[in-house]
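A look at the structure
Here's the letter readout for the chains.
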Amino acid sequence: AGPCDLYAAGKTPCVAAHATTRALYDSYSGALYQVKRGSDGATADIKPISAGRVANAASQDTFCNGTTCVISIIYDQSGRGNHLRQGPPGGAASGPNGGYDNLASAIGAPVTLDGKKAYGVFISPGSGYRNDATNGVATGDQAEGIYAVIDGTHFNSGCCFDYGNAEISNRDTGSGHMEAVYFGDNSFWGTGSGNGPWIMADMENGLFSGFNVANNPADPSISDRFITAIVKGKPNQWAIRGGNAVSGSLSTFYSGARPNTSGYNPMSKEGAIILGIGGDNSISAQGTFYEGVMTSGYPSDATESAVQANIVAAKYATTSLTSGPAVNVGSSISFRATTPGFDTRYLMHNGSTVDTQVVTSSSSATLKGQASWTVRTGLGNAACVSFESKDTPGSFIRHYAFQLQLSANDGTKQFFEDATFCPQAGINGEGNSIRSWSYPTRFFRHYADVGYIASEGGPEVFDATSSYNEDVTWIVGNSFA
Ligand code: AHR
Ligand code: AHR
């Protein structure tokens, strides 16, 4: 059985079922998600390899070969049509695409399920999904359950990496108008024990960790690589539950009355569904979503135990974030552009500016040093790499406002993540493309000879589609210095 078969058996059926990784019903063989291709804007539906099973990641890889892809739709498997699409503008923020949020990379969150490759939804700040016109999702004070399987190592303190029930207007319409699973270390509203990240409930105008409005020590910091996160609610009763999604059982971190402040009893749920954003389209958060559902009715702990066992049996595991020619930690390298007419230029730094210049064996020692890099273990994720300047030890290539720059390592999580890149097989068929770990739609690109991280056809000037594949493909060779 799939998770939604178990919820149905418990008389709390799924009214929304989203997963890019697998079918959530034994009998489901329809589309899991849609990808959209950078080269021509064409779309393809990705289905399970067979009914009830893991996604056919190979069909995505074939469709997206030699170009980039984003996840354009996450289909609802419940049959109610509650699909998730690009988040529209809201009260807190307008996304960079004519008000719409960014779509997630189709390759930012590779995993395996029982050894078979699949892709999760890697949400970077600025991206998000929503459905404002749903069918069957709880409204008012109606009961519902929600779970999400997420990456416990990918989070931040921005508002708000949520999955669940939100406003149909994309605006903050008041306390109690949301009921969603939140994951991250935002401490503006509520906190649990330790420094986070925590599973909390976003009920609007507050992330809640228990009965008290602020701190509830029973809600632990939790950072397993794969986490099952649960929020459920019914009249004046709600709960937070969670656990490791690859082993063991769920713990109850809170179960009891609505928070100790006005506006949440009764609830005023509106029934929209959000992923990766706040109710008012706050778009500062990051996180990774693999699968999740919303139910009608308040699931029993026993039903959730069966669902947790099903998730464990799906055997989520990590897999390589890199591909293409090896870019080995400890090696000294250079990056040569491959765009015709620019292919004698190398990525270099001039002070903090990162751009490209022609470098040859007879260039000055200074220029050779500026174009030479040492590969280090990824500061923000050890499965990827960081690039330390040869002539300025302790300084690394990072992105800032999507421009590359050379900066001293300041020891912050933001720096680590901004300085982490995952080399992959070159998009134009040679060498490597250097993907940003934290914004995986974006790759090292030279544009007007300046270094950026660029997404194909994205909202920035340097995201231009013209010569994109060549501009983001580099020959990683020996260093000059
Ligand atoms: O409740 C926390 C956040 O506050 C909500 O997600 C958002 O709508 C509001 O800004
Ligand atoms: O480059 C994109 C973002 O810009 C970085 O993550 C952040 O440091 C800056 O705000």
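Predicted model, so just to flag it, every value in this text is computed and none were measured. Throughout, a residue's number is its position along its own chain's written sequence, starting from 1. Both sets of labels track the order of writing: A upward for chains, 1 upward for ligands. In keeping with the predicted nature of the model, local features appear solely for residues at pLDDT of at least 70, side-chain atom pairs appear and are counted solely at 80 or more, and the whole-chain, interface and lining totals rest on all residues. To get the side-chain values, take all heavy atoms of the structure and skip hydrogens and water.

**Let's talk about the environment of Gly297**
Mapping Gly297 onto the fold places it in the loop between strand 19 (287-295) and helix 3 (301-314). In the structure, Gly297 is positioned 64 residues away from Gly233 in sequence and 8.6 Å away in space, judged by C-alpha atoms. Should any heavy atoms of two residues lie within 4.5 Å, those residues are considered in contact. Excluding residues that lie within four positions of it along the chain, Gly297 makes contacts with Thr12, Ala143, Glu144 and Gly145. Only runs of H or I of at least four residues qualify as helices and only runs of E of at least two qualify as strands under DSSP, and these elements are numbered from the N terminus.

**Things to note about the environment of Leu275**
Inspection of the secondary structure assignment puts Leu275 in strand 18 (residues 272-275). Not counting the four nearest positions on each side in its chain, Leu275 is found in contact with Ile74, Leu84, Val121, Ile123, Gly128, Tyr129, Asp162, Tyr163 and Phe289.

**Some details on the pattern of salt bridges**
Side chains that differ in sign of charge can pair as their charged atoms come close. Here a salt bridge means any side-chain nitrogen of Lys or Arg lying within 4 Å of a carboxyl oxygen belonging to Asp or Glu. Summed over the entire model, instances satisfying the criterion amount to 16 salt bridges. Close ionic contact of Arg345 with Asp449 constitutes a salt bridge, the shortest N to O distance being 3.4 Å. Remark: Asp449 occurs in the loop between strand 30 (443-447) and strand 31 (450-454) and Arg345 occurs in strand 22 (residues 345-350); sequence separation between them is 104 residues. The partner of Asp463 in a salt bridge is Arg442, and the shortest N-O contact between them spans 2.9 Å. With a gap of 21 residues between them, Asp463 in the loop between strand 31 and helix 6 (468-471) and Arg442 in the loop between strand 29 (432-436) and strand 30 connect regions that are remote in the sequence. Taking the relative accessible area as the measure of exposure, Asp463 reaches 0% and is therefore buried. The buried category is assigned to Arg442, whose relative accessible area is 4%. If you follow the salt bridges from partner to partner, you end up with Lys232, Arg241, Asp301 and Glu304 in one network. Think of it in three bands: residues with accessible area under 20% of the maximum for their type are buried, residues over 50% are exposed, and the middle band is partly exposed, with areas taken using a 1.4 Å probe on protein chains only.

**Re the site of ligand 2**
Only a single heavy atom is needed: when it lies within 4 Å of a molecule or strand, its residue is near that molecule or strand. For ligand 2, the full set of nearby residues is Arg398, His399, Tyr400, Ala401, Phe402, Gln414, Asp418 and Tyr439. By the criterion applied in these results, polar contacts are pairs of N or O atoms within 3.5 Å in which, for protein atoms, one can donate a hydrogen and the other can accept it, and in which residues neighboring in sequence qualify only through two side-chain atoms. Contacts to ligand 2 include Asp418, whose side-chain N or O atom sits 2.5 Å from an oxygen atom. Protein contact buries 80% of the 280 Å² of open area that ligand 2 shows by itself. When residues in the shell around ligand 2 are grouped by element, the largest group, three residues, is from strand 26 (residues 395-400). Each residue gets one of three labels, nonpolar for Ala, Val, Leu, Ile, Met, Phe, Trp, Tyr, Cys and Pro, charged for Asp, Glu, Lys and Arg, and polar for the others, Gly among them. The residue inventory of the shell around ligand 2, partitioned by class, reads four nonpolar, two polar and two charged. All accessibility values rest on the Shrake-Rupley procedure with a 1.4 Å probe; residue burial counts only the protein chains present in the view.

**Notes on the confidence of the model for the protein chain**
Per-residue confidence from the prediction method is given by pLDDT, with values spanning 0 to 100. Overall, the predicted model of the protein chain reaches an average pLDDT of 98, with 100% of residues at or above 70. Here the prediction assigns the complex a pTM of 0.98, and the interface score ipTM is 0.84.

**A look at the site of ligand 1**
Around ligand 1, the surrounding shell holds 13 residues, and the nearest of these are Asp202, Glu204, Asn205, Gly206 and Asp280. Take Asp202: an N or O atom from its side chain is 2.6 Å from an oxygen atom of ligand 1. In the environment of ligand 1, an oxygen atom lies 2.8 Å from a nitrogen or oxygen atom belonging to the side chain of Glu204. Look at ligand 1: alone it shows 280 Å² of surface, and the protein chains cover 94% of it. Here the residues of the shell around ligand 1 are counted per class, giving four nonpolar, five polar and four charged.

**Some points on the nonpolar core**
Ranked by size, the top nonpolar core spans 82 residues in total, and within it Val35, Val121, Tyr129, Tyr147, Tyr163 and Ile199 carry the most contacts. By size, the runner-up hydrophobic cluster in this structure holds 27 residues, among which are Ile397, Phe421, Ile427 and Phe462. Definition used in this section: a nonpolar core is a set of buried Ala, Val, Leu, Ile, Met, Phe, Trp, Tyr and Cys residues joined via side-chain atoms within 4.5 Å.

**As for the side chain of Glu144**
Relative to the helices and strands, Glu144 resides in strand 10 (residues 144-151). Polar contacts involving the side chain of Glu144 include one to the side chain of Asn165, which spans 3.3 Å. The contacts of Glu144, once residues within four sequence positions are left out, are Val137, Ala138, Asn165, Glu179, Lys232, Gly233, Lys269, Met294, Thr295, Gly297, Tyr298 and Pro299.

**Topic: the state of the cysteines**
Only a pair of cysteine sulfur atoms within 2.5 Å qualifies as a disulfide here. Considering all chains together, one arrives at four disulfides under this definition. Residue Cys159 pairs covalently with Cys160 via a disulfide, S to S 2.1 Å. Sign of the S-S torsion, about -95 degrees for the bond between Cys159 and Cys160, identifies this disulfide as left-handed. The class of Cys159 is buried, set by a relative accessible area of 16%. In the protein chain, numbering the disulfide-bonded cysteines from first to last in sequence yields the connectivity 1-2, 3-4, 5-6, 7-8.

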